[in-house]
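What follows is the residue order along each chain.
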Amino acid sequence: MLKKSLIGIAAVLVLLVVVIAVQPAKFRVERSITMSAPPEAAFALVNDFHAWGAWSPWDKIDPNLKRSYDGPASGVGAKYAWVGNADVGEGRMAIEQSSSPSQISIKLEFLKPFAATNTTLFTFQQTPEGNKTTWAMEGENGFVSKAFSLVMNMDKMVGSDFEKGLAQLKSAAEAAARLPAAAGATP
């Protein structure tokens, strides 16, 4: 009886390993929003890590978040690092590509609670209303990440944060776009 039980457990473990191994090797999370602001307004808020406090969904999760900045104030070479509570963890970002006002590519490194390196891409497309801003993150799924994906959906988990961030980015970009018009208005 014990032998049959051990064989059954081994078979289940082998099946689980196979199921985990055939999960996708890459992931991508992407969300978009249309806003009544030119691409330049949204681009400026993403291209400068100092401006992320106005729209980043994670800044509001931990009011005691510790931030540090390095390199140029914005654009290629700008760096940002954070250390926060268990909900935001620890990590760093660096802008690797910045093509005004259409695209920003960021190397994103999570250090805690788990280590991972991903690419984050923001694109800004001119539309008749203003612009369509897209926020995407992609990366590799190792064995542990594949196993994690069986119980947690990365798209749902991170996608909702992207949606909150994009809504806040929309508000900030639209407000910034109104400022020059208001400054030039005559009473």
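Residues numbered from 1 in each chain as written. Predicted model: local features only at pLDDT ≥ 70, side-chain atom pairs only at ≥ 80, totals over all residues. Heavy atoms only, no water.

1. A few points about the overall build of the protein chain
The number of helices and strands found in the protein chain is 4 helices and 7 strands. Helices and strands appear in the protein chain in the N-to-C order α-β-α-β-β-β-β-β-β-α-α. When burial is assessed residue by residue, the protein chain has 34% of its 187 residues classed as buried. Put simply, of all contacts in the protein chain between residues at least 6 apart along the chain, 54% involve residues at least 24 apart. Approximately 10800 Å² of the protein chain is accessible, and the part contributed by carbon and sulfur atoms is 62%. (Helix = DSSP H or I, 4+ residues; strand = E, 2+ residues; numbered from the N terminus. Buried < 20%, exposed > 50% of the residue type's maximum accessible area, 1.4 Å probe, protein only. Contact = heavy atoms within 4.5 Å. Areas by Shrake-Rupley, 256 points an atom, 1.4 Å probe, with all protein chains shown as cover.)

2. Some remarks on the packing of aromatic side chains
All chains considered together, the criterion is met by 14 aromatic pairs. Here the aromatic rings of Trp-82 and Phe-110 are separated by 6.3 Å at their centres, their planes lie at 80°, and the arrangement is edge-to-face. In this pair, Trp-82 sits in strand β3 (residues 79–83) while Phe-110 sits in strand β5 (residues 103–112), placing the two residues 28 residues apart along the sequence. Overall, the relative accessible area of 9% leaves Trp-82 in the buried class. Take Phe-110: its relative accessible area is 22%, and that puts it in the partly exposed class. Ring centres of Phe-122 and Trp-135 lie 5.1 Å apart, and the angle between their planes is 25°; this geometry places the pair in the stacked category. Residue Phe-122 is found in strand β6 (residues 116–126), and its partner Trp-135 is found in strand β7 (residues 131–140); the two are separated by 13 residues along the sequence. Trp-135 shares its class with Phe-122; the two are buried. Every member of this aromatic cluster is reached through a ring pair, and the members are Phe-49, Trp-52, Trp-55, Trp-58, Tyr-69, Tyr-80, Trp-82, Phe-110, Phe-114, Phe-122, Trp-135 and Phe-162. (Phe/Tyr/Trp six-rings, centres within 6.5 Å; stacked < 30°, edge-to-face > 60°.)

3. Quick notes on the pattern of salt bridges
Pairs can form between side chains of opposite charge whenever their charged atoms are close. Per the stated rule, a full pass over the model turns up 6 salt bridges. Of the charged contacts, one joins Glu-30 and Arg-28 as a salt bridge, the two residues approaching to 2.7 Å between their closest N and O atoms. Residue classification places Arg-28 among the partly exposed residues on the basis of a relative accessible area of 41%. Ionic pairing is found between Glu-163 and Arg-31, a salt bridge with its closest N-O pair at 2.7 Å. Of this pair, Glu-163 sits in helix α4 (residues 154–184) while Arg-31 sits in strand β1 (residues 26–35), placing them 132 residues apart in sequence. Ionic contacts of the salt-bridge type, sharing partners, join the residues Arg-28, Glu-30 and Glu-138 into one network. (Salt bridge = Lys/Arg side-chain N within 4 Å of Asp/Glu carboxyl O.)

4. A few points about the environment of Pro-128
Relative to the helices and strands, Pro-128 is located in the loop between β6 and β7. When the C-alpha positions of Pro-128 and Ser-36 are compared, they lie 8.9 Å apart, and in sequence the two are 92 residues distant.

5. Remarks on the layout of surface pockets
One number sums up the size of the largest pocket: a volume of about 1000 Å³. Lining of the largest pocket is provided by 43 residues; of these, Phe-110, Phe-114, Met-154, Met-157 and Val-158 occupy positions nearest its centre. Residue assignment for the lining of the largest pocket shows that the elements contributing at least two residues are β1, β3, β5, β6, β7, α3 (143–149) and α4. (1 Å grid on protein atoms, 1.4 Å probe; cavity = no way out; pocket = protein on both sides within 12 Å on 5 of 7 lines; lining within 4 Å. Points joined across faces, edges and corners; volume = space filled by probe spheres on them.)

6. Re the pairing of β7
Side-chain positions along a regular strand alternate between the two faces of the sheet. Among the 10 residues of β7, 7 are classified as buried, and the element is accordingly described as predominantly covered. The pairing of β1 with β7 spans 10 bridges and is antiparallel. Residue Ile-33 lies in a different strand from β7, and its bridge partner there is Thr-133. As defined by bridge partners, β6 adjoins β7 across 9 bridges and the pair is classed as antiparallel. By the bridge assignment, Gln-125 is partnered in β7 with Lys-132. Linking β6 back to β7 in an antiparallel pair, the connection comprises 4 residues, with Gly-130 at a positive phi of about 160°. (Pairing = 2+ DSSP bridges.)

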